[in-house]
Amino acid sequence: MKMQSTLNVAADHPSFAGHFPTFAVLPGAILLDEMLAAIEQARGIDLKSWHLSSAKFLDVVRPHDCLTLEHDAPAAGLIRFTILVGDRKVVGGTLHES
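Keep in mind that what you see is a predicted model, and the values were worked out from it rather than measured.

**With respect to the overall build of the protein**
In terms of regular secondary structure, the protein is built from 2 helices and 5 strands. Sequence-ordered secondary structure for the protein, helices as α and strands as β, is β-α-α-β-β-β-β. Structurally, the protein occupies a C-alpha span of about 45 × 25 × 20 Å along its principal axes. Looking at the 98 residues of the protein, the share that counts as buried comes to 36%. Relative to all contacts within the protein whose residues are 6 or more apart in sequence, the contacts with residues 24 or more apart total 61%. Split by element, the accessible area of the protein, about 5,700 Å² in all, is 54% carbon and sulfur. A distance of 7 Å separates the average location of the 8 positive side-chain charges in the protein from that of its 11 negative side-chain charges.

Laid out in structure tokens, this is it:
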């Protein structure tokens, strides 16, 4: 089933300040952490036994960007995800159950 969530990362998140101070971008680790938490909540599952099998960072996320997470579970033990800013894809990847 396809699902969609909004990811809320505050514009004053501390990682923006230290990650390129003159051109603030959100580190990929923060994006992945937010994505995992949102999928766990939306799907009611614990992802501790899952692993990130692929992630491709396609564009930057800046302060005040509105992030949308789309995720689909086309087969047991597989979740595909995409993080977008508007219609611009910034991250895509897959999770697999171990």
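**Some remarks on the pairing of strand 3 (residues 67-75)**
In the sheet, strand 1 (residues 3-7) pairs with strand 3 via 5 bridges, with the strands oriented antiparallel. For Ser 5, the partnering residue across the bridge sits in strand 3 and is Leu 69. Sheet analysis places strand 3 next to strand 4 (residues 78-85), joined by 7 bridges and oriented antiparallel. Across the sheet, residue His 71 finds its bridge partner in strand 4, namely Phe 81. Between the antiparallel neighbours strand 3 and strand 4 lie 2 residues, among them Gly 77 with a positive phi of about 80°.

**Describing the pattern of salt bridges**
It is possible for side chains bearing opposite charge to pair when their charged atoms get close. In this structure the tally under the stated criterion is 3 salt bridges. Here Asp 46 and Lys 48 are joined by a salt bridge, their closest N and O atoms 3.9 Å apart. A salt bridge links Arg 88 to Asp 65; the shortest N-O distance between them is 3.7 Å. Of this pair, Arg 88 sits in strand 5 (residues 88-97) while Asp 65 sits in the loop between strand 2 (50-57) and strand 3, and the two are 23 residues apart along the sequence.

**A look at the nonpolar core**
In this structure, Met 35, Ile 39, Leu 67, Leu 69, Phe 81, Ile 83 and Leu 95 are the most contacted members of the largest nonpolar core, which totals 22 residues. Listing elements by their share of this core, those giving two or more residues are helix 2 (28-43), strand 3, strand 4 and strand 5. Take this core: its biggest share by element is 5 residues, from helix 2.

**Description of the sheet that holds strand 5**
An order of 1-3-4-5-2 is seen for the 5 strands of this open sheet, with the pairing classed as antiparallel. Every interior strand has two partners, whereas the edge strands, strand 1 and strand 2, have only one. Within the sheet, the average angular offset between the axes of one strand and its neighbour, ignoring direction, is 20°. As paired strands, strand 4 and strand 5 are joined by 8 bridges and run antiparallel to one another. Paired with Thr 82 across the strands is Gly 92, a residue of strand 5. Sitting on the sheet, helix 2 touches strand 1, strand 2, strand 3, strand 4 and strand 5, and the angle it makes with strand 3 is about 60°.

About the criteria used
Residues numbered from 1 in each chain as written. Predicted model: local features only at pLDDT ≥ 70, side-chain atom pairs only at ≥ 80, totals over all residues. Heavy atoms only, no water. Helix = DSSP H or I, 4+ residues; strand = E, 2+ residues; numbered from the N terminus. Buried < 20%, exposed > 50% of the residue type's maximum accessible area, 1.4 Å probe, protein only. Contact = heavy atoms within 4.5 Å. Areas by Shrake-Rupley, 256 points an atom, 1.4 Å probe, with all protein chains shown as cover. Lys, Arg positive; Asp, Glu negative; His and termini not counted. Charge placed at Lys NZ, Arg CZ, Asp CG, Glu CD. Pairing = 2+ DSSP bridges. Salt bridge = Lys/Arg side-chain N within 4 Å of Asp/Glu carboxyl O. Core = buried A, V, L, I, M, F, W, Y, C linked by side-chain atoms within 4.5 Å. Axes fitted to C-alpha atoms, helices over the stretch in contact; angles between N-to-C directions.

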